[in-house]
Structures are given as structure tokens and as C-alpha cells.
Amino acid sequence: AENFLCERIKVQHTGGYAILIDAFPGAIENVQLSNCTFENNRPNLFGLVAGNAVFGSWTGGVYINGDGRPGNPGRVLKGLMVAQCRWLRNTGNCLWSHLYGLDDLHEDFQILSNYFLDIGLDGILVGGVTGGAVNNNVFRRIGYTTLTDTDQSVPRWLNGLNATALDSSGLVKGVPYQGNSFLSVNG
């Protein structure tokens, strides 16, 4: 797959990931999300006790998956642009990437000028990426969850599962983080 563009779309009340970009079966090239809104996506919450699942989860946002192991070369995303998107009142990670190995990395992630408000877990988690930039993103009330479309967000996080505005995992190289703004990050 290549040259995929989502522009000015709005995703609400998703039952899983808002967008799944799965390069595990084979390479994907040039994905662009521009001026999109992801709002009130609360498909799952985490909790320690039945009936008390009120903490941020992994689902609801944009998830990029790949392989990265030496026996499966090329199964990564090459070229991602996410610009001027808004994530509002989502319980899960908003934008995150993952690999099963670190021999072949996702390439050239440009994550620019996005806005995150009332997010249950991570705003951006860059995992297994070489090249790109994460610049001028604004994060407000990270580690806060909502249970309805209109209630006030509440700071909630599980010990050992910290909510993070901007995170890196695995191996990330040549991806500067510049000009990002953080207010009320609880995790």
C-alpha cells in the first residue's frame, strides 16, 4: 500500500483503533493524516478491579504496527506525515508506533502541529523509528479520562502504566522533538 491520505475527517466513538496502519504483512509507504479530528473515542478503559475500569488504555487512536525482525525485512511504514490533527477526549494512546524487532525501523515520521486534550494514556509514542521530527505539538491534560461526551475530565492513571504526553520506545534515532508544549501531564 502507498500514498494514503486522510484529510479533514472526523472519527468519533470508535470501537477499537481509529486508524490501524499495519505494515506487518508488508511495507506501507507515504501515509498522510492532515487536519483530522479524533474525538470521544473511548473503546476501552483499564482497571484493577471489575467495575472500576476508569484508567487510560491503548485503543482509540492511530496505531502503526510493523515487524522489524531480521527474518522479515521491509515490513515497516516508510513515510508518515501527521499534521494539524486534533485528539480530544480519547482514553487511549492517540498516535503510536510499534515493532516486534529493531533490525528494520519505520522511517521518516513527521508529526507536526497537532493538539491533544483530555487523553487517557499517551499523546504520541514514537517506537522503532529512524528519521523525522516531532515538532510544535500541544498537550493538555494527559492522564485524564472522561466517561461520557460531556463530563469533566478527571486525572487518573495506574501505577506502572504512566500517561505520557510524548514518549519514545524501543529504538528512535534521528527524530528531534522541538517546540512541543505540555500542561497538566499526570502519569
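This text follows the structure it describes.
Residues numbered from 1 in each chain as written. Predicted model: local features only at pLDDT ≥ 70, side-chain atom pairs only at ≥ 80, totals over all residues. Heavy atoms only, no water.

*Asks:* I would appreciate a short explanation of the sheet that holds strand β13 (residues 138-142) in the present structure.
*Replies:* The pairing of strands in a sheet comes from backbone hydrogen bonds and takes either a parallel or an antiparallel form. One open sheet accounts for 6 strands, arranged β2-β5-β8-β11-β13-β18; its pairing is parallel. Sheet topology places β2 (10-12) and β18 (181-185) at the edges, where each strand pairs with a single neighbour. The mean angle between the axes of side-by-side strands here comes to 5°, regardless of whether they run parallel or antiparallel. The sheet contact formed by strand β11 (residues 115-119) and β13 spans 4 bridges and is parallel. Among the inter-strand pairings, Y115 is bridged to a residue of β13, identified as V138. (Pairing = 2+ DSSP bridges. Helix = DSSP H or I, 4+ residues; strand = E, 2+ residues; numbered from the N terminus. Axes fitted to C-alpha atoms, helices over the stretch in contact; angles between N-to-C directions.)

*Asks:* Can you help me understand unusual backbone geometry in this one?
*Replies:* With the exception of glycine, most residues fall at negative phi, and the peptide bonds are largely trans. You will see that N30, though not glycine, has its phi angle at about 60°, which is positive. Checked against the element boundaries, N30 lands in strand β4 (residues 28-34). Notably, Q84 is not glycine yet its phi reads approximately 55°, a positive angle. Turning to its location among the elements, Q84 is positioned in the loop between β7 (77-83) and β8 (86-90).

*Asks:* Teacher, can you tell me more about the environment of D108 here?
*Replies:* Mapped onto the elements, D108 comes out in strand β10 (residues 106-112). Distance in space between the C-alpha atoms of D108 and G132 is 4.3 Å, their sequence separation being 24 residues. Not counting residues within four places of it along the chain, the set of residues in contact with D108 comprises G79, L80, T130, G131 and G132. (Contact = heavy atoms within 4.5 Å.)

*Asks:* What exactly am I supposed to notice about the packing of aromatic side chains here?
*Replies:* Here the distance between the centres and the angle between the planes together describe a pair of aromatic rings. Using the criterion set out here, one finds 8 aromatic pairs in the structure. Note on Y17 and Y63: the rings are 5.0 Å apart at their centroids and 25° apart in plane angle, and the pair reads as stacked. Within this pair, whereas Y17 is found in the loop between β2 and β3 (19-22), its partner Y63 is found in strand β6 (residues 62-65), the two being separated by 46 residues in sequence. You can call Y17 partly exposed: its relative accessible area is 29%. Y63 gets classed as buried once you look at its relative accessible area, which sits at 9%. (Phe/Tyr/Trp six-rings, centres within 6.5 Å; stacked < 30°, edge-to-face > 60°. Buried < 20%, exposed > 50% of the residue type's maximum accessible area, 1.4 Å probe, protein only.)

*Asks:* I would appreciate a short explanation of the side chain of N135 in the present structure.
*Replies:* With respect to the helices, strands and loops of the structure, N135 is situated in strand β12 (residues 124-135). Overall, N135 belongs to the buried group, its relative accessible area being 14%.

*Asks:* Mind showing me how you'd approach the nonpolar core here?
*Replies:* General note: in soluble globular proteins, nonpolar side chains tend to be found buried as a group. One finds I21, F38, V62, L77, W87, F116 and I124 to be the most contacted residues of the largest nonpolar core, which totals 34 residues. Secondary structure elements with two or more residues in this core: β3, β4, β6, β7, β10, β11, β12 and β13. The element that contributes the greatest number of residues to this core is β12, accounting for 4 residues. Residues in contact with V62, not counting those within four places in the same chain, are I19, I21, L33, F38, W87, N93, C94, L95 and W96. (Core = buried A, V, L, I, M, F, W, Y, C linked by side-chain atoms within 4.5 Å.)

*Asks:* Got a minute to help me understand the side chain of T14 in this structure?
*Replies:* One can find T14 in the loop between β2 and β3. In terms of polar contacts, T14 uses its side chain to reach the backbone amide nitrogen of G16, at 3.3 Å. Not counting residues within four places of it along the chain, the set of residues in contact with T14 comprises N41, P43 and G60. (Polar contact = N/O pair within 3.5 Å; in protein donor to acceptor, adjacent residues only side chain to side chain.)

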